[in-house]
Amino acid sequence: QVQLVESGGGLVQPGGSLRLSCVVSGSTSNVSVMNWYRLHPGKQRELVAAITPSGGTRYAHFVKGRFTISRDDAKNTVYLQMNSLNPEDTAVYYCNAIQRGANSWGQGTQVTVSL
């Protein structure tokens, strides 16, 4: 099973940018997809973006054109570049790995978009 550690969250003004990182360690073989999710207080966790081992990507409609997911396999790291942030993007962002049907989660990183 893999271990995931997110970083890069923080406070940013509307219109600003942040880049989240997710370092993957442990047994990384057979990881089928890496995802970024987010959780707003009082709501269910929602998928933000996904990337396959071959680099295929998928985005939620509410981040298309603003967020970019990428991976650097040499560094065992998945990134989420977030541009044009707005207050509705405020949430805890989680990295997720699916490996042989099992989910692994990081501890989350807080993103706050506010003046």
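Look up: the structure comes first, before these words.
What this report covers is the structure whose coordinates are included nearby. (Residues numbered from 1 in each chain as written. Predicted model: local features only at pLDDT ≥ 70, side-chain atom pairs only at ≥ 80, totals over all residues. Heavy atoms only, no water.)

Moving on: the overall build of the protein. Tallying secondary structure elements over the protein gives 0 helices and 11 strands in all. Start at the N end of the protein and walk to the C end: the helices and strands fall as β-β-β-β-β-β-β-β-β-β-β. The dimensions of the protein, computed from C-alpha atoms along their principal axes, are 40 × 25 × 25 Å. Looking at the 115 residues of the protein, the share that counts as buried comes to 41%. Residue pairs in contact within the protein that sit at least 24 positions apart in sequence constitute 53% of those at least 6 positions apart. Counting every atom, the protein has about 5,900 Å² of accessible surface; 49% of that belongs to carbon and sulfur. Between the centroid of the 10 positive side chains of the protein and the centroid of its 6 negative side chains there is a distance of 4 Å. (Helix = DSSP H or I, 4+ residues; strand = E, 2+ residues; numbered from the N terminus. Buried < 20%, exposed > 50% of the residue type's maximum accessible area, 1.4 Å probe, protein only. Contact = heavy atoms within 4.5 Å. Areas by Shrake-Rupley, 256 points an atom, 1.4 Å probe, with all protein chains shown as cover. Lys, Arg positive; Asp, Glu negative; His and termini not counted. Charge placed at Lys NZ, Arg CZ, Asp CG, Glu CD.)

Moving on, we come to the pattern of salt bridges. By the definition in use, this model includes 4 salt bridges. Note that Arg38 is salt-bridged to Glu46, the shortest N-O span being 2.7 Å. We classify Glu46 as partly exposed; its relative accessible area is 24%. In this structure, Asp73 and Arg71 form a salt bridge, with 3.0 Å as the shortest nitrogen-oxygen distance. A cluster of three or more residues bridged by salt bridges with shared partners is formed by Arg38, Glu46, Arg66 and Asp89. (Salt bridge = Lys/Arg side-chain N within 4 Å of Asp/Glu carboxyl O.)

Enumeration over the complete set of coordinates arrives at 1 disulfide. Linked covalently through their sulfurs, Cys22 and Cys95 form a disulfide whose S-S length is 2.1 Å. Its torsion about the S-S bond being -80 degrees, the disulfide of Cys22 and Cys95 is classed as left-handed. In this pair, Cys22 sits in strand 3 (residues 18–26) while Cys95 sits in strand 9 (residues 91–99), placing the two residues 73 residues apart along the sequence. The class for Cys22 is buried, based on a relative accessible area of 0%. By relative accessible area, Cys95 is classed as buried at 0%. (Disulfide = S-S within 2.5 Å.)

Strand order across the open sheet formed by 4 strands is 1-3-8-7, with antiparallel pairing between neighbours. Each having just a single partner strand, strand 1 (2–7) and strand 7 (67–72) make up the two edges of the open sheet. Neighbouring strand axes in the sheet, compared pairwise and without regard to direction, differ in orientation by 20 degrees on average. Looking at chain direction, strand 1 and strand 3 are connected through 6 bridges and run antiparallel. The residue of strand 3 that forms the bridge with Glu6 is Cys22. (Pairing = 2+ DSSP bridges. Axes fitted to C-alpha atoms, helices over the stretch in contact; angles between N-to-C directions.)

Right, let's get into the side chain of Asn35. By the element assignment, Asn35 lies in strand 4 (residues 31–39). Residue classification places Asn35 among the buried positions, given a relative accessible area of 3%. If we skip the residues at most four places from it in the chain, Asn35 touches Leu47, Ala49, Ala50, Tyr94, Cys95, Asn96 and Ile98.

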